Structures are given as C-alpha cells and as structure tokens.
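So you can see what is in the structure, the chains are spelled out below.
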Amino acid sequence: LTINRIRYPSQKMRSTLKLSRSFSSTKKAAKRFAGVVKLKPEMYNQYTALHDHTWDEVMKRMYESNMRNFVVYYHKETSLMFHHWEYVGEDLESDMDKVAADPVVRKWWTYCEPCQEPFKW
C-alpha cells in the first residue's frame, strides 16, 4: 500500500498567512470534511506541480472562507485521492458560495478539474 501526501497548501502560503490561535475553552471545535476523487494517472505530474505552487489568491480565498488544514493523500495503485479539511467558520453555505463564486478559484479549477475523474455513483 503506497499513499503519498500531496503538499497543499504551499509552504510559502503557510508562512505568509498569519494565523492567530486562541486557546480559550469557549472556542468551538472545527468541523471536518472529506472527499475522494480519482486522479487520471497520466495527469499526476501536472496535478502535483499545480499544488506545489498553489496560487496565493486561491489560498487567500480558502483562508477567508474559513477553510484550514486542507490535505490531499494519493494512493498510487488505485489513483485515488482522499482529501480532508477543517472548517472554522459559522456559515458554511455562505463561505462555500464565496469560494465557488471567486473568479480566480474558478480559473484555478479549469487547470485542476481535467486531472480528475469524478466517481459515478
């Protein structure tokens, strides 16, 4: 079993964003989300190159929409990518609508989506 972690977000962006942490006992726990998608094997290099250099504007939108700790794991034998992330906001629907409406994110998706094969349930 081989599972590789795809680096996301970039180290550059993590060091750029100033994350404030509060250790108050009143702080709510993050909500966790996960998903899985198949990576087209021939697109592995392109996909990992994209995520090694995720656009700063995409990272900023995710941060402003209360998304944290987005991680992707790749299973080579099945070409499956499992991802998970944490949501720290109060209005998930509104925050996800902002991500989906962002023109830079939409442009980013035009590069990422051709690398993926959604499951047909």
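In what follows, the accompanying structure is described. (Residues numbered from 1 in each chain as written. Predicted model: local features only at pLDDT ≥ 70, side-chain atom pairs only at ≥ 80, totals over all residues. Heavy atoms only, no water.)

1. Structural notes on the nonpolar core
Keep this limit in mind: What is meant by a nonpolar core is a set of buried Ala, Val, Leu, Ile, Met, Phe, Trp, Tyr and Cys residues, joined one to another through side-chain atoms within 4.5 Å. Residue exposure (1.4 Å probe, protein chains only): buried if accessible area is under 20% of the type maximum, exposed if over 50%, otherwise partly exposed. Helical segments are the DSSP runs of H or I of at least four residues, strand segments are the runs of E of at least two, and each set is numbered from the N terminus.
With 20 residues, the main nonpolar core has Leu39, Tyr47, Met62, Met67, Phe70 and Met81 as its most contacted residues. Residue contributions to this core peak at four residues, all from strand 3 (residues 67-75).

2. Let's talk about the packing of helix 2 (residues 44-52) against helix 5 (residues 103-112)
Packed helices, taken two at a time, are described by the angle their axes make and the gap between the axes. Here is the rule we go by: Lines fitted to C-alpha atoms define the axes here, with helix axes fitted over just the stretch in contact, and angles between the N-to-C directions of these axes take values from 0 to 180 degrees. Angles below 35 degrees are treated as roughly parallel, those above 145 as roughly antiparallel, those between 65 and 115 as roughly perpendicular, and all remaining angles as oblique. Residues count as neighbours in contact if any of their non-hydrogen atoms are within 4.5 Å of one another.
The interhelical angle for the contact between helix 2 and helix 5, taken along N-to-C directions, is 150°, at an axis separation of 10 Å. With respect to their mutual orientation, helix 2 and helix 5 come out roughly antiparallel. Touching Gln46, Tyr47, Leu50 and His51 of helix 2 are Trp108, Tyr111 and Cys112, all from helix 5.

3. Comments concerning the pattern of salt bridges
The condition is simple: The term salt bridge refers to a side-chain nitrogen of Lys or Arg lying within 4 Å of a carboxyl oxygen of Asp or Glu.
In total, this model carries five salt bridges according to the counting rule given. The salt bridge involving Arg32 is made with Glu86; its shortest N-O contact spans 3.7 Å. Residue Arg32 is found in strand 2 (residues 31-39), and its partner Glu86 is found in strand 4 (residues 80-87); the two are separated by 54 residues along the sequence. What makes Arg32 exposed here is its relative accessible area of 62%. Residue Glu86 is classed as buried on the basis of its relative accessible area of 19%. The residue Glu64 makes a salt bridge to Lys60 at a minimum N-O spacing of 3.2 Å. Residue Glu64 and its partner Lys60 are located together in helix 3 (residues 56-64), separated by four residues, close to a single helical turn.

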